[in-house]
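Coordinates in review
The primary structure of each chain is shown beneath.
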Amino acid sequence: MPRKRSILKHNARMHLTGKYGTALLVVIIASLIRNVLSVARSVVMNWIPAFKLFSAFPELFTADALRKLNIDPWLAALRELIEKIGANARFYILFFVISILVEWLYALLISNVIVCGMQRWFLRADYPQWTPTVGMIFTPFSSGQYRHVVVGMFWKNLWLFIWSLPQLVFAFLLSAPSLLLMYHVFLSGSSITPGLIRRIASLYGLPEFIFQWPWLVAMSVLLLVSAIVVINRAYCYRMTEMILADNPMIGARRVLDLSKKMTQRSVWRMIFLDLSFIGWALLCIVFYFVSWLGFLLLTPYYTATWIEAYRDLRDEAVRRGDVTMEELGYRRIEIPHTDAAPFFTS
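These numbers were taken from a predicted model, which means no experiment stands behind them. (Residues numbered from 1 in each chain as written. Predicted model: local features only at pLDDT ≥ 70, side-chain atom pairs only at ≥ 80, totals over all residues. Heavy atoms only, no water.)

All right, on to the overall build of the protein then. Summing up its helical and strand segments, the protein has 13 helices and 2 strands in all. Each of the 346 residues in the protein was classed as buried or not, and the buried ones make up 37%. Considering only contacts in the protein between residues 6 or more positions apart, those separated by 24 or more positions represent 71%. Counting only carbon and sulfur atoms, one obtains 70% of the accessible surface of the protein, whose full area is about 20,100 Å². (Helix = DSSP H or I, 4+ residues; strand = E, 2+ residues; numbered from the N terminus. Buried < 20%, exposed > 50% of the residue type's maximum accessible area, 1.4 Å probe, protein only. Contact = heavy atoms within 4.5 Å. Areas by Shrake-Rupley, 256 points an atom, 1.4 Å probe, with all protein chains shown as cover.)

As structure tokens, this is what we get:
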């Protein structure tokens, strides 16, 4: 990103002038559509008695309980939780597998398309004296674009998942021994001893060294390295939604390749652009009970700033010859009988 963060933010505020209300409405509609299944799942979990797993825990947060700091009620509550989960294990597994599958399909077929539609609205909002209609966020659902947007977003998420596989493996190798140890400690009520570790290792056919600190340190380091790689890939693919918003017909492989080319040598700048909003985020968190409202009000400004960053990276890629504006879906406008440079319009 050749331009400074302050310039990107200034341009974002300028393009939102007189349009912030519509931008906020776009964000609210997109947020409602994206999160409707999560809300529905929470309602179902509160309604079904089997999900009321933590009935004993509220008693542990009373003033008297916190003052005494007695560990026995905590152990009893955790044993009760483990027993409840064990008694309904099949139901929990089936429910969560189905909910994860449904939410994944919803994200693939609906949420990702809405995200591209929202990015398109902000991309078009920079035209002076014109505010795009809210209905623009639904334009990627048109028959000529929908399939290409779905495939493009699926291709991006597939590669993010592939890059995250080592992180998932290291997280499992780090947490599984500790969880097994905690499980048997809570069930037996005994303390952690070398003898208990040997019994657990023998019971599950595991080597004893995975319960020792060198293993935990090694897995922690590998988990950190893999997390850094995933973050890097996430920023490399960050422009995918915006490229698809510009031209969904560009093709899944091409859009991901183009996003990587646009963001090359700019990942650190993109990270710092995100970090520059940390003050606003902390301000939203301070007002705990209405933090969701603060983040909602911040989203138009945040999204518009990233749209400016995309334009910057896009124009730089055009200058390098990595892509043309025509490939991104723009039309070249020549001004006849003048020496003025041509310009592009969507």
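On we go.
What follows is about unusual backbone geometry. We note that Arg265 has phi near 65 degrees; this positive angle belongs to a residue other than glycine. Overall, Arg265 belongs to the exposed group, its relative accessible area being 69%.

Right, let's talk about the packing of helix H6 (residues 146-188) against helix H7 (residues 194-204) for a bit. Relative orientation of the contacting elements H6 and H7 amounts to 110 degrees, with a least axis distance of 11 Å. Between H6 and H7, the crossing angle belongs to the class labelled roughly perpendicular. The way H6 lies across H7 gives a crossing that is right-handed. Contacts from Leu180, Leu181, Tyr183, His184 and Val185 in H6 reach Leu196, Ile197, Ile200, Leu203 and Tyr204 in H7. Class assignment for the residues of the contact of H6 with H7 results in 9 nonpolar, 1 polar and no charged. (Axes fitted to C-alpha atoms, helices over the stretch in contact; angles between N-to-C directions. Parallel < 35°, antiparallel > 145°, perpendicular 65-115°, else oblique. Left-handed = near helix turned anticlockwise from the far one by under 90°. Nonpolar A, V, L, I, M, F, W, Y, C, P; charged D, E, K, R; others polar.)

Here we come to helix H11 (residues 267-275). Of all the residues in H11, the buried ones are Val267, Met270, Ile271, Leu273 and Asp274. End-on view of H11: buried residues confined to an arc of 155 degrees, all on one side of the axis. (Arc of directions from axis to C-beta.)

Our focus in this paragraph is the packing of aromatic side chains. The final tally for this structure, using the stated rule, is 10 aromatic pairs. Ring geometry for Trp280 and Tyr301: centres 6.4 Å apart, planes at 80 degrees, overall edge-to-face. Separated by 21 residues along the polypeptide, Trp280 in helix H12 (residues 278-286) and Tyr301 in helix H13 (residues 291-320) bring together distant segments of the chain. Take Trp280: its relative accessible area is 42%, and that puts it in the partly exposed class. You can call Tyr301 buried: its relative accessible area is 13%. Members of the aromatic cluster, connected to one another through ring pairs, are Phe277, Trp280, Tyr301 and Tyr302. Looking at Arg233, its charged tip hangs above the ring of Trp163, at a distance of 5.3 Å from the centre. (Phe/Tyr/Trp six-rings, centres within 6.5 Å; stacked < 30°, edge-to-face > 60°. Lys NZ or Arg CZ within 6 Å of the ring centre and 35° of its normal.)

For the structure shown, the criterion picks out 12 salt bridges. Where Arg314 meets Asp315, a salt bridge forms, and the shortest distance between an N and an O atom there is 3.5 Å. A relative accessible area of 30% means that Asp315 is categorised as partly exposed. Through salt bridges with shared partners, a single ionic network connects Arg124, Asp246, Arg314 and Asp315. (Salt bridge = Lys/Arg side-chain N within 4 Å of Asp/Glu carboxyl O.)

Turning next to the nonpolar core. Within the largest apolar cluster, 58 residues are counted, with the highest numbers of intra-cluster contacts made by Phe122, Met239, Ile243 and Leu328. By residue number, the principal contributor to this core is H13, which donates 10 residues. If sequence neighbours within four positions are ignored, Leu328 has contacts with Ile243, Asp246, Asn247, Ile250, Leu258, Tyr310, Arg314 and Val323. One finds Val185, Ile200, Ala201 and Ile210 within the second-largest nonpolar core, a separate group that totals 10 residues. (Core = buried A, V, L, I, M, F, W, Y, C linked by side-chain atoms within 4.5 Å.)

Next up on the list: the packing of helix H8 (residues 213-236) against helix H10 (residues 252-263). When two helices pack together, their arrangement is given by the angle between the helix axes and the distance between those axes. With their axes 8 Å apart at the nearest point, H8 and H10 run at an angle of 105 degrees to one another. The orientation of H8 with respect to H10, classified from their angle, is roughly perpendicular. Here Arg233, Tyr235 and Cys236 of H8 lie close against H10, whose contacting residues are Ser259, Lys260 and Thr263. Of the residues contributing to the contact of H8 with H10, the split by class is 2 nonpolar, 2 polar and 2 charged.

Within the secondary structure, Ile29 sits in helix H2 (residues 20-47). Linking Ile29 and Ile114, residues 85 residues apart in sequence, is a C-alpha distance of 9.3 Å. Sequence-distant contacts of Ile29, that is, excluding residues within four places in its chain, are made with Val134, Ile137 and Phe138.

Turning our attention to helix H1 (residues 5-16). Along its 12 residues, H1 runs 17 Å from first to last C-alpha, staying within 8% of the 16 Å computed at 1.5 Å per residue. Of the residues making up H1, those classed as buried are Leu8, Lys9, Asn11, Ala12, His15 and Leu16. Taken end-on, H1 shows its buried residues confined to a sector of 160 degrees, consistent with a single buried face. Positive phi shows up at Gly18, right after H1, with a value of about 80 degrees. (Expected span 1.5 Å × (residues − 1).)

Before going further, it helps to examine the side chain of Arg314. Topologically, Arg314 is positioned in helix H13. A polar contact is formed between the side chain of Arg314 and the side chain of Asp246, at a distance of 3.3 Å. Sequence-distant contacts of Arg314, defined by excluding residues within four places in its chain, comprise Asp246, Met262, Met325, Leu328 and Tyr330. (Polar contact = N/O pair within 3.5 Å; in protein donor to acceptor, adjacent residues only side chain to side chain.)

It is worth spelling out a nonpolar patch on the surface at this point. A cluster of nonpolar side chains, contributed by Trp268, Phe272, Leu275, Ile278, Leu282, Ile285 and Phe295, occupies part of the molecular surface with about 740 Å² of accessible area. When residues of the nonpolar patch are traced back to their parent elements, those giving at least two are H11 and H12. Along the chain, Phe295 falls in helix H13. Judged by its relative accessible area of 35%, Phe295 falls in the partly exposed class. (Patch = residues over 30% accessible without salt bridge, like charges linked within 9 Å, V, L, I, M, F, W, Y side chains within 5 Å.)

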